[in-house]
Number of protein chains: 2
Amino acid sequence: MQLHPRDRARLVDAAMGRVPCDLAIRNVRLFNVLTWETYEAEVGIVDGFVACVSADPDGTGGRFPIEAAESFDGGGGLLIPGFIDSHLHIESSMLTPAHMAEAVLPQGTTTLITDPHEVANVGGVEAVEYMLEASEGLPMRQFVLVPSCVPAVPELGNAGASFGRDEVERLLDHPRVLGLAELMDYPGILANSARMRAIMDACERRGGFMQGHAPFLADRDLNAYAASGVRSDHETRTGREARDKLRLGMHVDMRESSMSLNAAAIAPAVKDFRNLSTLSLCTDDLEPEDILTTGHVSRVVARAVECGLSPEQAITCATLNAAREIGITNLGAVAPGFAADLQIVSDLARPRPSAVFAMGRLVARDGRMLAAVPRRSFPQEERNTVRLEIPSEEALRIPAEGTSARVRVVKYDSLNGSTTSFSMEDLPVEDGYLSLGGDRDLKFVAVLNRHGGGTRFVGVVRNFGTARGAYGATVSHDSHNLVVVYDRPSDALAVIRALKECGGGKIAAVDGAVVGRLELPIYGLISRLDADGLAREISGMKKILRSALGLEVPNPLMRIVSLALPVIPKAKFSDIGLVDVLAQKIVPLME
Amino acid sequence: MQLHPRDRARLVDAAMGRVPCDLAIRNVRLFNVLTWETYEAEVGIVDGFVACVSADPDGTGGRFPIEAAESFDGGGGLLIPGFIDSHLHIESSMLTPAHMAEAVLPQGTTTLITDPHEVANVGGVEAVEYMLEASEGLPMRQFVLVPSCVPAVPELGNAGASFGRDEVERLLDHPRVLGLAELMDYPGILANSARMRAIMDACERRGGFMQGHAPFLADRDLNAYAASGVRSDHETRTGREARDKLRLGMHVDMRESSMSLNAAAIAPAVKDFRNLSTLSLCTDDLEPEDILTTGHVSRVVARAVECGLSPEQAITCATLNAAREIGITNLGAVAPGFAADLQIVSDLARPRPSAVFAMGRLVARDGRMLAAVPRRSFPQEERNTVRLEIPSEEALRIPAEGTSARVRVVKYDSLNGSTTSFSMEDLPVEDGYLSLGGDRDLKFVAVLNRHGGGTRFVGVVRNFGTARGAYGATVSHDSHNLVVVYDRPSDALAVIRALKECGGGKIAAVDGAVVGRLELPIYGLISRLDADGLAREISGMKKILRSALGLEVPNPLMRIVSLALPVIPKAKFSDIGLVDVLAQKIVPLME
């Protein structure tokens, strides 16, 4: 696949000197990812594409004057391609596509390969179309992959949508859709499940890209996963995995997200491969504050170099390798006919661009956008997707008989991880309802289907971390039902009412009153604020979760989002019951 | 683009060990072009694709047993991907696609990127379709690019066909057509000529590959050529050209043909580029004897290593880099889901495969095909394309008045090159016809339109090299008209009659009788013989040209093929007159 200039003839005319370029970038040293040389160059740009590169690296000729309507003096800096994030969910940053662009362009990222998996689970095809429409006409490239596993595990709970072959095919036909997003259902793929095969065949027939998700796969399983047509993986956590995946022809998207830091394991393991053309870099899930303070793909580059890649390797991974991974032949390098997505940095090992050019236009300087992206409105942004009846207080209790009950409690393994296991505990029964018996480490958890399905389930969690009050969210992977953790149903009700009213987000309540709120009204996942505003709000919300609810964990905001994620071991909740993750089945609350 | 297995599910099943593979290759060391490691491995193959690779390069696991219907013991040899020839004309080897497959498969070449430019100039769309049909179902991959310049220069002579946008679009829609073949008309491209732009836009809209042809282009011209959308070049003859083209994002197809040996200039110039992912290897034009005795892509690999590339670089250029150049994502490496085009060699620097596997089947051992390719017949092979009226003897003379005439003679610069210039000479006139005046270095040249157009032209050449007799051919780039060099019209007539009768080829006559013949009845360009038979016939013909006609030049067979090629400087013939190549116009014979 190629990116198409509006008018090829104009590029040729400009290179020949028959018409002036739109823009010339002068006084830079080009680090050429194609040859790993660095030399003085001038670059002429027309209609968002590079028309010509004037340079004489060998002192044997090659320089010619570039006439241009505008000139940019690069101050002797290093010119490199804009960065490509090979895998991310924009929703993880809780930003709209436009606000995401404003956040990452100043960091040098000019292309995103996005998986709108989260909005898809809430809003289905229409939500993916929203992400496509809202990323149209932005001063950056946002490619979209079709979420492949909506819902993640159909039997274990209800999401807001279900994608089969029809939904996938409809979305695959969009010109900015590259293929299928992370194929998480590797058990289904390894078993040749009809559902996965139908989706993958539809993608393969269109020549689409198939992005993988293969944590810890090895040996036969890894071979079979690669043979299935999946071409990449971003869930690589060990050196051995990285080496084996590259050897088996997969692209490894080395990840540094807010939660998962994989460079330390991967980079040392692969840095000595003399061909390293299938490693790229991704952010997966980044909080807005992390983008603003630590960078975007740039942070992965810096970390990759700290962990052992050469700066040349890291920059090439973040540009040319990623473009090849998704099969775009004129992206990721600075050369005639290539997209004019460029940045000027002073240090390849710690890239902080002094200037960023996207689609041929200067869009950011010294970490700041030059102009805000025009605000457009979309009907999907106005729609309240929290569709549920406010339950009675009684519905948030667990009826039980006798004086005590043997209860299957979901117990966190620690305060800084998301893994859990079941623990059978004897809890008192009071007035016909289960009681937490004054144990402050025990809380009720309610999962309310918020997609209009009406289902709900109430269970018990140990070691969640809150000391008091209720904490609820509509961000709850992957089905994004409403999850609330509480000891008193009245607090839970305050949270549920507030979430329904504002269209979703994260809410904390104490003594029946809301004390903290992070509103995410777009699909219950995305804020209307820009990254700066949202980062401030998040910071305030984290403080409240710590001070008012006593939630002293590394990231109190994220503590709740995996309580209902049925692919993380071993014990989770859903809107239809307790999930035994390893057995992949619903198990009873009481025995 | 991806190559599609018949049944993905079966690959997965085989990798998982649920069904046996068709074939397992055991006891080999895999040189992995993806990482440049070499390690012991077993490879399982299903339906022509690699299903799994069992290996434990780090001693940390990864081996598993591969069950298979058949096993092949590689004897401890090095397993590498089959070679890809990134640019060639099968017609240059005068072989049918099937005979070409039989010739190159034993040399380890499993994929050809072909330009059927020669047959297209004779037979048009139907001839390209012949090459597509005749390469269907072969035990090798022959991809086709649509000839972009038919005829080469429309104003300077008549070919058998003319390709505009319609012809090109019809052919581009074939599933085995990858794009446009060498875009030779670089002056047209640099000038944004309507003809070239229309063809290139049609290709770009389909996402097709555009193969270049850019001898000596530099600076602005080279930038403009790259900006036009052209992605490669195989006409690189100097180190500077190679470096500049790679820097500007073009793929360089390093060529070692029978005539053009470019590795000595290119390899030393680029070997130190630390990223060298856009260099590939090609043969362009190889005589059958050269294939049989010196190898095919294997010969380019060996030469590349002699000239300075590391063996790892050379093998990667001949496999993975070429696959990426044409945009096929599962070709050119040994990994699950990749095409099972493989070979076993003992030395990466001088690859001579002991076994070649194409599309998963063992097809050659120790330089020999295991089974001949089934012979199929095609109506196009039976058609006599030498469509002309036998001229009178008088028509092969040049009428002139008076006793002498000032004649524009085409003079060869030397006996071993194809460049020429005009020389104004005074020649005697006898009985109303121009005479060569007994000068044995002068010969008549007749160019007869053999495509039914009826045009013809007679001129004079100096230093062609024959001492006596007549030598004629229907292989005459690029229009492939009938060209005959002679002193006596009676000899020329014998040649013309024989060529018409046999459907084309190369014929020598002395004293009115045919003394040597190389029949090429398919489009007047291709033999019915296989490579062995044809090489013997060519060898005999060369001997006759030397002994009977006294043509003592390095390659007497090729001496005649560029006499009418209007893109080689400076003076050439066509069926409508004398061509001033630099001025690109027809000039008068006499002043």
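These figures come from a predicted structure and were not determined experimentally.

### Considerations on the interface of chain A and chain B
For an interface, size is often stated in terms of accessible area lost upon the parts coming together.
Okay, step 1: On the chain B side, the residues contacting the 69 residues of chain A number 69 residues.
Okay, step 2: Between chain A and chain B, a total of about 5,700 Å² is buried, with carbon and sulfur atoms accounting for 50% of that surface.
Okay, step 3: Note that Glu204 of chain A is salt-bridged to Arg8 of chain B, the shortest N-O span being 2.7 Å.
Okay, step 4: Between chain A and chain B we count 38 residue pairs in polar contact (both at pLDDT 80 or more) in total.
Okay, step 5: Top contributing element to the side of chain A that touches chain B by residue count: helix α1 (residues 8-16) of chain A, with 8 residues.
Okay, step 6: Grouping the amino acids of the side of chain A that touches chain B by side-chain chemistry returns 32 nonpolar, 20 polar and 17 charged.

### Re the environment of Gly503 of chain B
Okay, step 1: With respect to the helices, strands and loops of the structure, Gly503 of chain B is situated in the loop between α14 (489-502) and β25 (505-510).
Okay, step 2: Setting aside its immediate chain neighbours within four residues, Gly503 of chain B contacts Asn384, Thr385, Val386, Leu520, Pro521 and Gly524 of chain B.

### A look at the pattern of salt bridges
Okay, step 1: Under the definition given, this model contains 88 salt bridges over all chains.
Okay, step 2: A salt bridge links Asp13 of chain A to Arg18 of chain A; its shortest N-O distance comes to 2.8 Å.
Okay, step 3: A salt bridge links Asp426 of chain A to Arg406 of chain A; its shortest N-O distance comes to 3.4 Å. Residue Asp426 of chain A is found in strand β19 (residues 420-430), and its partner Arg406 of chain A is found in strand β18 (residues 404-412); the two are separated by 20 residues along the sequence.
Okay, step 4: Residue classification places Asp426 of chain A among the exposed positions, given a relative accessible area of 52%.
Okay, step 5: The structure contains a network of salt bridges with shared partners spanning Glu37 and Asp58 of chain A together with Asp219, Arg240, Arg243, Asp244 and Arg247 of chain B.

### Section: the pairing of strand β22 (residues 456-462) of chain B
Residues and elements named next belong to chain B.
Okay, step 1: The buried fraction of β22 amounts to 6 of the 7 residues, a majority that puts the element mostly inside the structure.
Okay, step 2: Direction of pairing for strand β18 (residues 404-412) relative to β22: parallel, over a ladder of 2 bridges. By the bridge assignment, Val410 is partnered in β22 with Val461.
Okay, step 3: Across 7 bridges, strand β21 (residues 442-448) lies against β22 in antiparallel orientation. Within β22, the position partnered with Phe444 by the bridge is Val460.

### Things to note about the packing of aromatic side chains
Okay, step 1: As enumerated under the stated definition, the model contains 12 aromatic pairs over all chains in all.
Okay, step 2: Seen in terms of ring centroids, Tyr130 of chain A and Tyr523 of chain A are 6.0 Å apart; in terms of plane orientation they differ by 50°. Their pairing is tilted. Placement of Tyr130 of chain A in helix α3 (residues 117-134) and of Tyr523 of chain A in the loop between β26 (513-519) and α15 (531-547) is noted, with a sequence separation of 393 residues between them.
Okay, step 3: Note on Tyr130 of chain A: relative accessible area 0%, which makes it buried.
Okay, step 4: Tyr523 of chain A gets classed as buried once you look at its relative accessible area, which sits at 2%.
Okay, step 5: Plain terms: the ring middles of Tyr412 of chain A and Phe464 of chain A are 6.2 Å apart, the flat faces sit at 55° to each other, and that makes the pair tilted. Of this pair, Tyr412 of chain A sits in strand β18 while Phe464 of chain A sits in the loop between β22 (456-462) and β23 (470-473); the two residues are 52 residues apart in sequence, bridging distant segments of the chain.
Okay, step 6: A residue is classified by how much of its surface remains accessible, and Phe464 of chain A, at 0% relative accessible area, is buried.
Okay, step 7: A cation over a ring is seen here: Arg247 of chain A above Tyr39 of chain B, with NZ or CZ 5.7 Å from the ring centre.

### Side note on the packing of helix α4 (residues 165-172) of chain A against helix α6 (residues 194-205) of chain A
Residue and element names in this part refer to chain A.
Okay, step 1: With their axes 9 Å apart at the nearest point, α4 and α6 run at an angle of 20° to one another. Considering the angle they form, α4 stands roughly parallel to α6. Handedness of the α4/α6 crossing: right-handed. Residues Arg165, Val168, Glu169 and Leu172 of α4 touch α6, and the partners they reach there are Ala198, Ile199, Ala202, Cys203 and Arg205.

What counts, and at which threshold
- Residues numbered from 1 in each chain as written.
- Chains lettered and ligands numbered in written order.
- Predicted model: local features only at pLDDT ≥ 70, side-chain atom pairs only at ≥ 80, totals over all residues.
- Heavy atoms only, no water.
- Contact = heavy atoms within 4.5 Å.
- Buried area = accessible area lost by both parts, 1.4 Å probe.
- Salt bridge = Lys/Arg side-chain N within 4 Å of Asp/Glu carboxyl O.
- Polar contact = N/O pair within 3.5 Å; in protein donor to acceptor, adjacent residues only side chain to side chain.
- Helix = DSSP H or I, 4+ residues; strand = E, 2+ residues; numbered from the N terminus.
- Nonpolar A, V, L, I, M, F, W, Y, C, P; charged D, E, K, R; others polar.
- Buried < 20%, exposed > 50% of the residue type's maximum accessible area, 1.4 Å probe, protein only.
- Pairing = 2+ DSSP bridges.
- Phe/Tyr/Trp six-rings, centres within 6.5 Å; stacked < 30°, edge-to-face > 60°.
- Lys NZ or Arg CZ within 6 Å of the ring centre and 35° of its normal.
- Axes fitted to C-alpha atoms, helices over the stretch in contact; angles between N-to-C directions.
- Parallel < 35°, antiparallel > 145°, perpendicular 65-115°, else oblique.
- Left-handed = near helix turned anticlockwise from the far one by under 90°.

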